[in-house]
Amino acid sequence: MGNADNSQMFGISSALGPGVLWRDYMKTVVAQLPPDWYVRPEGIVDKVVCVNPSLYGGNGSGLIPGPNCPSNFRFTEHYVQGTEPTTDDRNFYTSCGIQLRAPFADWQRDYNVWGQGAVSGQFSYGRFNWTICGFTPSPSPSPSFSPGPSGPPVIPRPTPTPRPTRKP
């Protein structure tokens with residue numbers, strides 16, 4: 001298959017054909033490169049940090065693992081020297097779960113609304129189970145979660161107005 005002429009493309013779908021051509025092209029290009037083509041630059045350091053290894057992302061402190069960072073959240077990341085985290089996440093992952101603290105006091109109310117929704121399943125996205133200090137799941141999670149009188153008002157989503165369909 002080194003040649004990509006039409007005689008070699010019989011029986012290959014139109015979706016697969018470009019992939020075969022690209023593979024053959026890249027084999028030719030990459031074959032000319034030395035096996036160790038990327039030399040690690042000076043000033044790059046590795047640091048084990050606490051991140052969620054899920055393909056979908058999720059919760060994780062991004063800091064050095066503290067005593068409560070889940071063992072399967074420890075991952076080696078690469079940093080430019082001087083930008084790597086230097087503190088651990090003991091203030092983020094505590095013995096009761098994630099410590100949900102807003103960086104600014106006036107954001108805490110919104111953090112609390114999100115935290116209650118998260119432990120109740122509203123923000124699990126079918127992938128996460130949240131354990132957040134000070135929050136317990138509501139008996140029945142509801143998509144129309146209302147934070148109560150202390151939270152911000154819940155604004156309902158507008159529903160589109162039905163339009164009549166035209167006959168052909």
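Residues numbered from 1 in each chain as written. Predicted model: local features only at pLDDT ≥ 70, side-chain atom pairs only at ≥ 80, totals over all residues. Heavy atoms only, no water.

Quick notes on the state of the cysteines
As a reminder, the rule being used: Working definition: a disulfide is two cysteine sulfur atoms within 2.5 Å of each other. Secondary structure elements follow DSSP: runs of H or I of four or more residues count as helices, runs of E of two or more count as strands, with numbering from the N terminus. Burial status follows relative accessibility: with a 1.4 Å probe on protein chains alone, a residue under 20% of its type maximum counts as buried, one over 50% as exposed, and anything between as partly exposed.
Considering all chains together, one arrives at 2 disulfides under this definition. Disulfide partner of cysteine 50: cysteine 69, at an S-S distance of 2.0 Å. Taking the sign of the torsion about the S-S bond as the criterion, the disulfide between cysteine 50 and cysteine 69, at about 100 degrees, is right-handed. Here cysteine 69 lies in the loop between strand E1 (44-50) and strand E2 (74-80) and cysteine 50 lies in strand E1, a separation of 19 residues in the sequence. Cysteine 69 carries the same exposure label as cysteine 50, and that label is buried. Across a sulfur-sulfur distance of 1.8 Å, cysteine 96 and cysteine 133 are joined as a disulfide pair. Linking cysteine 96 and cysteine 133, the disulfide has an S-S dihedral of approximately 115 degrees and is accordingly described as right-handed. Taken together, the positions of cysteine 96 in the loop between strand E3 (93-94) and strand E4 (97-98) and cysteine 133 in the segment after helix H2 (108-119) put the pair 37 residues apart, joining distant regions of the chain.

Looking at the pattern of salt bridges
For clarity, the cut-off: The term salt bridge refers to a side-chain nitrogen of Lys or Arg lying within 4 Å of a carboxyl oxygen of Asp or Glu.
Taken as a whole and assessed by the stated rule, the structure comprises 3 salt bridges. Where aspartate 24 meets arginine 23, a salt bridge forms, and the shortest distance between an N and an O atom there is 3.1 Å. Among the residues examined, aspartate 24 registers a relative accessible area of 11% and is labelled buried. The closest approach of N and O atoms between aspartate 46 and arginine 40, which form a salt bridge, is 2.5 Å.

A short note on the packing of aromatic side chains
Ring pairs (aromatic) are described by centroid distance and by the angle formed between their planes. We apply this condition: The aromatic pairing rule takes the rings of Phe, Tyr and Trp, using the six-membered ring of Trp, and pairs them if the centres are within 6.5 Å, calling planes under 30 degrees apart stacked, those over 60 edge-to-face and the rest tilted.
On inspection of all chains with the given rule, the structure shows 6 aromatic pairs. Arranged with centres 5.5 Å apart and planes meeting at 35 degrees, the rings of tryptophan 22 and tyrosine 25 form a pair that is tilted. Residue tryptophan 22 and its partner tyrosine 25 are located together in helix H1 (residues 17-30), separated by 3 residues, close to a single helical turn. Residue classification places tryptophan 22 among the exposed positions, given a relative accessible area of 54%. Ring pairing ties together the aromatic residues Phe73, Phe92 and Tyr93, which thus form one cluster.

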